[in-house]
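# A closer look at the structure
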Amino acid sequence: MNSKPQLSPAIKSIVWLLWLFFLGCMLASGQTSHTVSGTITDKSNGETLFGASVFLSGTTIGGVTNEYGFYSITAPAGAYELKISYMGYNDVTIKIILNQDLKHNIEISEFSTELEEVVVTADEPERVILRKPEMSVVKMNIGTVKQMPVVLGEVDVLKSLQMLPGVTNNGEGTGGFHVRGGAQDQNLVLLDEAIIYNTSHMFGFFSVFNADAIKDVKLYKGGIPARFGGRVSSVLDIRQKDGNSKNFALTGGIGVISSRLTAEGPVFGDNGSFLVAGRRSYVDLILKAAGEDNSVSFYDLNLKTNYSVNANNKLFLSGYFGRDGFTLDSSFDSSYGNASGNLRWNHIFNDRLFSNLSAILSRYDYDLEFSEDEFKWVSSITNYNLKYDFRYYWSDAFKLDFGVNGIYYDFDPGEVTQTADTSPVNPLKLDQKRALESGVYLNAEHKLTPKLTAQYGLRYSAFSRLGGQPITEYANGQPVVYNPGLGIYQRGEAIGETDFARGDAIETFGNFEPRVSLAYLLNEDSSLKAGFSRTAQYIHLLSNTSSVTPLDVWTPSGPFVKPQLSNQYALGYFRNFLDKTYSLEVETYYKTVDNRIDYIDGSDLIGQNTIETEILNGEMRAYGLELLLRKNEGDLTGWIAYTLSKSEQRTLGGIAGGPGINDGDWYNSSFDRTHDVSVSGAYRMNEQWSFGANLVFQTGRPVTYPNGQYEYEGLSIASYAPRNSDRLPAYHRMDVSVTYVPRKYQNKRFKGEWVLSIYNLYHRKNAASISFGQNLETGANEATRTAIFGIVPSLTYNFKF
Amino acid sequence: MKTLKIFIIACIVATFASCEDVVDVEVQDGPKRLVVEASLNWEKGTQGNEQTIQLRESTPFYDTHSVTSVTGASVVVTNTTSGEDYVFEDEGNGTYRTTSFEPVMGQEYSLRIDYNGEVYSAVETMTPVTDITDVFQDKDQGFDKDILEAHVVFVDPMEEGNNYLFKFHRQGDLLPDLEVGEDKFVNGNEIDWWYEIEEDKGENVVPFEPGDVLNIEMYGISRPYYDYMKILVSQLGGVGLFETVPLAVRGNCINETNPGNYAFGYFRLTEFVKAEYTFVED
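Residues numbered from 1 in each chain as written. Chains lettered and ligands numbered in written order. Predicted model: local features only at pLDDT ≥ 70, side-chain atom pairs only at ≥ 80, totals over all residues.

### Examining the environment of G253 of chain A
All names here are of chain A. To be explicit about the condition: Each helix is a run of H or I in the DSSP string that is no shorter than four residues. Each strand is a run of E no shorter than two, and both are numbered from the N terminus. With C-beta atoms placed from the backbone, a residue is labelled by how many other C-beta atoms lie within 10 Å of its own: buried for 20 or more, exposed for 12 or fewer, partly exposed between the two. Residue pairs are scored as contacts if the distance between their C-beta atoms, which are placed from the backbone, is within 7 Å.
Among the secondary structure elements, G253 is positioned in strand β18 (residues 249-254). A count of 24 C-beta atoms within 10 Å places G253 in the buried class. Linking G253 and N187, residues 66 residues apart in sequence, is a C-alpha distance of 30 Å. Contact partners of G253, with chain neighbours within four places excluded, come to S259, R260, T796, Y797 and N798.

Quick look at the structure:
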């Protein structure tokens, strides 16, 4: 147990929570109230809508729909107007007499599809955003994502998110994303609740999420709700579409890099729908046709189907399967990818108690084959996840979320097998690792006064590293030892092994994770919010390179690797103005992460069975200010985002002795960006033409440059400055796009559009890296810049049938 | 086995014709340090009595003019068992020489350098090497199947923990090339180590051609020196996005007077074998 020092604050917070829950329950009882509940769906395709506002007009009573489109509102008996609104959709108002519990399933329609119905502008419900204590959250409509200009015509959810404050990447051609100065492995990425371990295709050029199969994207940069756990930086919650339940539809696109096709339609009579989406790149086919031996490819497949057993029970089955392939001159063959599946059961116990039970499997693996050396290298991580989540709509003022969650992990870090007896490489299997992560949580959303709303919750997470493998013992308990004479960290001396049986726990951790946030409504148009969250992370991605690679391996916490623990404090000001056409969000945050793995100089992670000899436990801290000014309505929409931030890490020697990595000084993490400005705009000129533009400016990524040279072995050897004490040149670029919808399609069922997009319009050679070495011809030292994308124009044709 | 990451980099370069160019980049100026190239190389089958040690100074990264040789130092190597001292004479050009060294396999030696009032010291063990059993040429292996590569064949000894340094130098080329190997995945096997030169138009580098003469040296090295050279070699020619973050490599020479002012370079004792190969028409 490493939670001893925080035990007493934890107990204090529990007492507090219990008291608040009690208060909430007291407030909730007393009046004669009734409940109206139901599901909100899109009229055109039957998709349930997440985050739609449902309000009783003229009151502050209401809420938003959950991930499955469900809402439940409890109010004193009386006559009301029930008003539903959702960004990009027409408002709908229904008169109700609330003298008994009611059920209303409501369909709403998009602006663009039935223009004549556009009547109301958003009013009342917009305040929801201000009232809800939820902060540090970015919700992106897939429609917005599709409007933005993209590289090579591939609509990319992750790249779009990077246009928002607090979200960056590690440079072009690198995978994943960084949130508020956090590392890539500190993001929990969920696709229909299944953990996705690698979010990119082609080493980061494209994301694994096919926009045609996705309904919505929600990123929690902080204030992570208690129902999520396991990562310290962010949660990216991506939901796949359920499939059109009204009629059969085909959507597709033909691009430069890949083509995609999605089929969806009703099944099981009127009781369900399905969606199958596929995407495949064809660079490999072109390369093969050109007689090239090297090849690169990716494909992915999204599946979803659902079945309504009856009004209160619904089953969902979703799956994702994606794979990348690489072949190099027929001597090297590799493939890697994610696979996941999720079976869910939505059960409505009664009009106030909603539940969802999920059984989820996810897996990431890679497979390398070296044909000339006749061996194969495979590695994988697999998890089985069972979770049961409840939401109880106690009263308008008090809503309760609670649930349990258990994840079993199987880590297979690497195995070498010979593909022929003549292979010069010996077989090898790194120790398989197993672990069980469990969580239980309780969270309340509580309107304390008409102006003050609180969200408070507690998660308790536990992690057991399970046996079935030996653990190495080191002299003096030091897997890494400081050599004071040479001034370097070295591998410790192994003195023995302890074998742990499969049923035994090697080490167990437990952590209380309180999450609290408050929203205070200053006036009709503005509010102040504050939040605190503590999060724990038990599995870690091992990567000692400047940018993570698909071959990096995950490792569980255990005797030598401690769980990462993070505290984040955030404060925000939110305002709608000019008739709510514009909104302004200002947030500031400070966060710390304990037990962040850092790598000793010269660490070797490839085929490493005892990674504890390569690492030390360090810490991180990050703080920043984020500004987001959005224009939400009209022909011209878009935003200006600015982030001022700092992200640093430090690793002291600890039990290894010595000053620590980088002399124990704080140094910039490679995700530190002092300034980050993004401007994104979309302009709809008329039915045929619309335009989009992005402008990005970022401080260069921290890197390590040489600070001297010397002659050795007849070569000039570069000696490098302290870690990350230099920076790449500033990154900036502009992208534009034009979308043309030919007139002849406009009133037909078949709709087509052409998208011309130009990435990096002014052809800036942004450095992805700068490397230093000796010119082989002259012998002089020089710096070489690698730029990935210059100007990249592309044309894509999309259709819907 | 070449590291996996090289493949990734090669893949990226091969598939996306990313653009590379030489740019002017300002770098920091680190402290000037003593550079110790104390490589006592004992060619298999020779006496190994003649040995040199080079002392130099480090310079700013882009510097091409500075005189770096260090003179006026006292350099002594000692057999730590017998206590026998071998004094290396200052030749006044950065080279220190002895003709009386007595190499003993597996013997530990210490180095002591007195320079500018500071004492540097290091300890290392003479490490053996196995024989090269064959050298031949081929095209089928390597990253590029259309170009010639040289193959160096040797049998790794049965007991685990053998480490190798290879030095390849094509006659006429300005710079030699270094590679390191270990027996981690291939212990006790016959190893076929290939070496090829890929074309680089920008730096006028061409692959091996018939008639090219390649000098090959293979050294048996200690594990600490392997760890040191592995980093040093991986940083030669620059460090890319998917490679380990570069760093100032620390050798085994300790400054006893002023520990912060450590020396670059290494005190190594290695046995080596060499071969010369002339490429012929395929």
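Don't stop here, the text continues.
### Things to note about the sheet that holds strand β9 (residues 132-138) of chain B
Residue and element names in this part refer to chain B. Here is the rule we go by: Pairing between two strands is assigned when DSSP locates at least 2 bridges connecting them. Lines fitted to C-alpha atoms define the axes, with helix axes restricted to the stretch in contact, and inter-axis angles between N-to-C directions lie between 0 and 180 degrees.
The strand order across the open sheet formed by 3 strands is β9-β10-β13, and the pairing between neighbours is antiparallel. Each edge of the sheet is formed by a strand with only one pairing partner; in this case those strands are β9 and β13 (190-196). Sheet twist, expressed as the mean angle between neighbouring strand axes with direction ignored, is 20 degrees. Note: strand β10 (residues 149-155) against β13, 7 bridges, orientation antiparallel. Bridged to V153 within β13 is D192.

### Brief notes about the pairing of strand β3 (residues 51-57) of chain B
Residue and element names in this part refer to chain B. Sheet topology places strand β2 (residues 34-43) next to β3; 4 bridges connect them, and they run antiparallel. Pairing of L34 across the sheet is with E57, part of β3. Two strands pair when backbone bridges link them, and β3 and strand β6 (residues 95-98) are joined in this way by 4 bridges, in the antiparallel orientation. Residue pairing across strands places I53 opposite Y96, the latter belonging to β6.

### Considerations on the sheet that holds strand β2 (residues 53-56) of chain A
Residues and elements named next belong to chain A. Spatially, 4 strands are ordered β3-β2-β5-β6 in an open sheet, and the strand pairing comes out antiparallel. Looking at the sheet topology across the chains shown, the edges are occupied by β3 (62-64) and β6 (92-98). Between one strand axis and the next, the sheet turns by 20 degrees as a mean value, whatever way the strands run. Of the strand pairs in this sheet, β2 and β3 are connected by 3 bridges, and their pairing is antiparallel. Each bridged residue has a counterpart across the sheet, and for F55 the counterpart in β3 is G62.

### What about the environment of E160 of chain B?
Residue and element names in this part refer to chain B. By the secondary structure assignment, E160 is in the loop between β10 and β11 (163-170). Along the chain, E160 and V180 lie 20 residues apart, while their C-alpha atoms are 16 Å from each other. Apart from residues lying up to four places away in sequence, E160 is in contact with D183 and N187.

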